[in-house]
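# Close look at the chain arrangement
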Amino acid sequence: MSGQVFPFSAIVGQDQMKLAIILAAIDPGIGGVLIFGDRGTGKSTAVRALAALLPPIEVVEGCPVNSARPEDCPDWAGPAGPGLVSRPTPVVDLPLGATEDRVTGALDIEAALGRGEKRFQPGLLARANRGFLYIDEVNLLEDHLVDLLLDVAQSGINSVEREGLSIRHAARFVLIGSGNPEEGELRPQLLDRFGLAVEVRSASEIGERIEAVRRRDAYETDPAAFLAAWAADEARIRDAILAARAALAEIAATDEILRLCAALSLALGVDGLRGELTLLRAARALAGYEGAGAITPDHLRRIAPMAMSHRLRRDPLDEAGSASRVERAAAEVLG
Amino acid sequence: MTAANPEADAGEDSGAGGGDAPPDGWARAMRALAVLAVDPGGLGGLTLRARAGPVRHAFDAACAMLPLDLPRHRIGPATPEDRLCGGIDVLASLGAGRMVRVAGLAARPAMLVLVMAERTDPRLAATLAGILDRRHGHCLILQDEGATPDEVPPAALRDRLAFAVDLDDVRHARTATDLPDAAMIGAARQRLAAITGGPEDAATLVMVAASLGIESLRAPLLALRVARALAALSGRGAVAQPDLREAAELVLAPRATRLPQPRPDDHAPPPPEPAEGDLQDNSDSAGATPPHEMIVEAVAASLPPHLLARLASDAGATGAACRGSGAGARVRGNRRGRPLPARPGRPDGRARIDLIATLRAAAPFQRLRRADCPGTAAGRVIVTPSDLRLCRHEDRSDRLLIFCVDASGSAAMARMAEAKGAVELFLADAYAQRDHVALLAFRGTRAEMLLAPTRALVMAKRRLAALPGGGGTPLAAGLVAAHGLGLAARRQGFAPALILLTDGRGNVGLDERPGREAAADDARRVAAMLRGARLPCIVLDSAPRPGAEASVLAGWLGARHLALPRADARAMRDAAAAALAG
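The numbering scheme is per chain: residues are counted from 1 as the chain's sequence reads. Naming scheme: in the order in which they are written, chains are lettered from A and ligands are numbered from 1. Totals for whole chains, interfaces and linings use every residue, but because this is a predicted model, local features are given only for residues with pLDDT of at least 70 and side-chain atom pairs only at 80 or more, for both listing and counting.

## So, the overall build of chain B
Defined as follows: To qualify as a helix, a DSSP run of H or I must reach at least 4 residues; to qualify as a strand, a run of E must reach at least 2; elements of each kind are numbered from the N terminus. Any residue whose C-beta has 12 or fewer other C-beta atoms within 10 Å is treated as exposed, any with 20 or more as buried, and any in between as partly exposed, C-beta atoms being built from the backbone.
Looking only at helices and strands, chain B has 25 helices and 16 strands in total. Here chain B holds 582 residues, and the buried ones make up 43% of them.

So this is what it looks like as structure tokens:
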């Protein structure tokens, strides 16, 4: 049963969450997704479903960091295999109790003890290269680990300096964090380092709830049949992601779009350029996903809440939440 | 007793419980155990709320007799992660000269009994939730010994377990012969795979859950599985109406957050409306009560009395019920408190080195390092800076008492002096209690911080001496200031508590304009926000003749309301201290 996961396309509702994950899969440069929300809303299900959805990648055989070309393989890894093999996109789960050694990699104790060799044993970051790193309950992770992860996610390089080892390897991955705000907040300094943030709520419409329970139940009763029934929808999303990735470089952003991004940032009082850049990249990914040749103000409008809401200064009195503040500002700026 | 017919069961149980009362807690617990035995991996497990005593003893005995082919492990809130998820066996690794891993308890399907579950910290809860989500056949029994309604196991875990049983009110435990025997359970397990629920069963349970105000979608899913297990237990090939009803009673009733409303009235949330409308049409044509309404009625009749009382009082129900963790605020430091696992780090003069953990970290590399520095004397341990491990301790955080004082108008002048006195009294024994104190006052059009969080008595006295009074009552502004200060303090590791001294008669809104209605509206909104932030709070009613306003405000805040018309500083201090301790 462990190999099977609930299909992504069969998740009922939660469109913002699904869109954010898809966009991050199209353009890893967006910088990760943070999903905050109630219990039982399918956060973990959606991320785990991504693994099955994503197309396989070509990696050098035997390379610990999933390099695409033999010359990219790190020198500490020993001789790389001659050929390329196709592997599912890695989606690595970071367990809450993971130690720093296990995350960054450390001296291979077995080699050290048994043969007296100084060898590097790659950690979770190496395995997640070119894929996804998923942290459930990111708000409960030890602060020093979150700092480390965000740092690596941004630089794309993991460097280990310990036990007389000095190792650097590529670690380009999309960080996906999820959590329940009732159990602990994420430091505001960390919030805006995630590219996109979405808030999920349980569906309030009874028909949607019934459908969600029915599908989940059908899946649990007979996973194989359920997966077969959804295979076509899964393939459709996968193809759209692939097409968008290929088209990304071609999608134009006019000066007018850049001006609108900047104006929106100013209207919301967001510090720094990170918000604007994410807005632009995510809008481009959305345009690609929908097969549009250029970014339109409508793309910006739809992306703005997930790209900007977590960067605002919190106003404790705003009952509607920061997403609707972003929507209002977007409506004003974008017309 | 056989489980062939749930209705017969219910009859027997109610006979034992006296009158035609619904099945008592004990019968319910035994029934839940029987169902759990049929599908332990699918149902997640059971939350048991009971203090240690003969009743819980009897339950444990019944649990031990349960015909499960799962190993049973007892774990506690302090069980380390590697015991659950596996890790490196250091001693064996050193002895064998190669890495020896030990498998954790979670490696194979097991029944995990978590004792003192109300003290589980969110991390262990998240680990256990992950284990349950992987669906490898684990089943968890949470033994909750919480004394107050706020002291409950983490919601993340309770949400994943099908059953919740409260045995605190059960005086007399019958023997475990109420359980079906192994053969019956075995037969039920065989039947379970073939039992299918119709699509309308899911719809019925979702609607029942919605009318009881249950948010999580796991609840109806678990109820559906329970209904199937019940059908299997009673020898039916398909889920029938009594199975659905009993599943709703077992799974949904304990999660109810409101009393079911038979007809959607004006303040009912939208979800039930369209569905009930649909079914109303059906029933008009078919001339029968829709199944989910019958079940809702049955569930409403079976709600335990204390839950009823809580739901009827409405206020506080959700606030208390949805707490993430039962324990109070904690901080991590490395000076005092309960020890936590050591962490790598550099000694900075404040942190203490954990010698054993450091040696343990250094041990595997001795052979390698000896090769690098051949001159080292034999028997000497070579320790490098990367081996150093520092102690960590978990400690209850210091408390910050935020006094938020209404300094408006002439009547407040006298109260102000008393409030100052109470602040000084708190500060006087602040050192022993590890309390810090802050003072906010609101008057005129805004609130101001008169005393930033401090435990310095001298400075506090000096600031308090020059406390102005008079003007309007910007209650909402005062609450906003208290909220901001409380959250900031919490981020710094304090456990903030709010003591609000006011008559509750706000007359200046947040826009700094006078007007009673707008002011009350603003105050209500801010109060809801404070309540959402879960700042412990008490309202001391300072009006010479206590009126309704302050108690209404306390209701908005979910706070205790104490009328202290003529209290002096000492009485005020005592009342606040008692309320905060309680």
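Once the structure has been displayed, the description carries forward.
## A closer look at the sheet that holds strand β16 (residues 560–563) of chain B
Sheets are built from strands that pair by backbone hydrogen bonding, the pairs being arranged parallel or antiparallel. All names here are of chain B. For clarity, the cut-off: A pair of strands counts as paired when DSSP detects no fewer than two bridges linking them. Lines are fitted to the C-alpha atoms to define the axes, a helix being fitted only along its stretch in contact, and any angle between axes, read from their N-to-C directions, falls within 0 to 180 degrees.
Taken together, six strands build an open sheet; the order of strands is β13-β12-β11-β14-β15-β16 and the sheet is mixed. A strand with exactly one partner marks an edge of an open sheet, and here the two such strands are β13 (446–454) and β16. Put simply, the sheet's adjacent strands are angled 20° from each other on average, direction ignored. Here strand β11 (residues 399–406) pairs with strand β14 (residues 495–502) via seven bridges, running parallel. In the sheet register, C404 faces β14, and the bridge partner there is L500.

## Side note on the pairing of strand β15 (residues 537–541) of chain B
Residue and element names in this part refer to chain B. Of all five residues that make up β15, five are buried, and the element is covered over most of its length. Pairing analysis gives five bridges linking β14 to β15, with the strands arranged parallel. By the bridge assignment, I499 is partnered in β15 with I538. Relative to β16, β15 runs parallel, the two sharing four bridges.

## Structural notes on the packing of helix α2 (residues 25–38) of chain B against helix α11 (residues 218–233) of chain B
To characterise two packed helices, one gives the angle between the axes of the helices and the distance between these axes. Residues and elements named next belong to chain B. What counts here: Orientation categories follow fixed angle ranges, with anything under 35 degrees roughly parallel, anything over 145 roughly antiparallel, 65 to 115 roughly perpendicular, and all other angles oblique. Two residues form a contact once the distance between their C-beta atoms, set from the backbone, is within 7 Å. In the scheme used here, Gly and all other residues not listed as nonpolar or charged are polar, with Ala, Val, Leu, Ile, Met, Phe, Trp, Tyr, Cys and Pro taken as nonpolar and Asp, Glu, Lys and Arg as charged.
Running from N to C, α2 and α11 point in directions that differ by 90°, and their axes come no closer than 9 Å. If you check the angle between α2 and α11, you find them roughly perpendicular. Contacts from A34, V35 and V38 in α2 reach V226, A229, L230, A232 and L233 in α11. In terms of residue class, the contact of α2 with α11 is built from eight nonpolar, no polar and no charged.

## Details of the pairing of strand β5 (residues 111–114) of chain B
All names here are of chain B. Judged by which residues are buried, β5 turns out to be covered on both faces: M111 and V113 on one side and L112 and L114 on the other are all buried. Alignment of strand β2 (residues 72–75) against β5, held across four bridges, turns out to be parallel. Bridged to H73 within β5 is L112. Of the pairings in the sheet, the one linking β5 to strand β6 (residues 139–144) comprises four bridges and is parallel in character. Bridged to M111 within β6 is C139.

## A word on helix α4 (residues 54–65) of chain B
Residues and elements named next belong to chain B. Going by this rule: Under the convention used throughout, the expected extent of a helix is 1.5 Å for every residue step, that is, one less than its residue count. Here the arc refers to the set of directions running from the helix axis out to each C-beta atom.
With twelve residues, α4 extends 16 Å between its outermost C-alpha atoms, agreeing within 8% with the 16 Å of an ideal straight helix rising 1.5 Å per residue. Those residues of α4 that fall on the buried side of the exposure criterion are V55, R56, A58, F59, A62 and C63. Burial along α4 is one-sided: seen end-on, the buried residues are contained in an arc of 155°. Relative to its buried face, α4 has exposed residues pointing more than 90 degrees away, namely P54, H57, A61 and A64. Structurally, α4 contributes buried residues whose contacts are with α2, β1 (45–49) and β6.

## A short note on the nonpolar core
Selection criterion: Here, a nonpolar core means buried Ala, Val, Leu, Ile, Met, Phe, Trp, Tyr and Cys residues linked by C-beta atoms lying within 7 Å of one another.
Counting 185 residues, the largest nonpolar core has A:L23, A:L196, B:A223, B:V226, B:A248, B:V251 and B:L252 as its most contacted members. Broken down by element, this core gets its largest block of residues, twelve residues, from α11(B). Ignoring any residue separated from it by four or fewer positions in sequence, one finds B:A223 in contact with B:L205, B:A247, B:A248, B:V251 and B:L252. Core analysis: the next-biggest nonpolar cluster, separate from the first, contains 60 residues, B:A476, B:F494, B:L501 and B:A576 among them.

## Let's talk about the environment of B:R490
If you trace the backbone, B:R490 turns up in helix α22 (residues 475–491). Of the residues examined, B:R490 has 18 C-beta atoms within 10 Å and is grouped as partly exposed.

## Considering the sheet that holds strand β4 (residues 91–93) of chain A
All names here are of chain A. The strand order across the open sheet built from five strands is β4-β7-β10-β1-β11, with neighbouring strands paired in parallel fashion. The open sheet is flanked by β4 and β11 (196–200), the only strands paired with a single partner. Across the sheet, the mean angle separating the axes of adjacent strands is 20° when strand polarity is ignored. With three bridges connecting them, β4 and strand β7 (residues 132–136) associate as parallel partners. When the sheet's bridge partners are listed, V92 is paired in β7 with L133.

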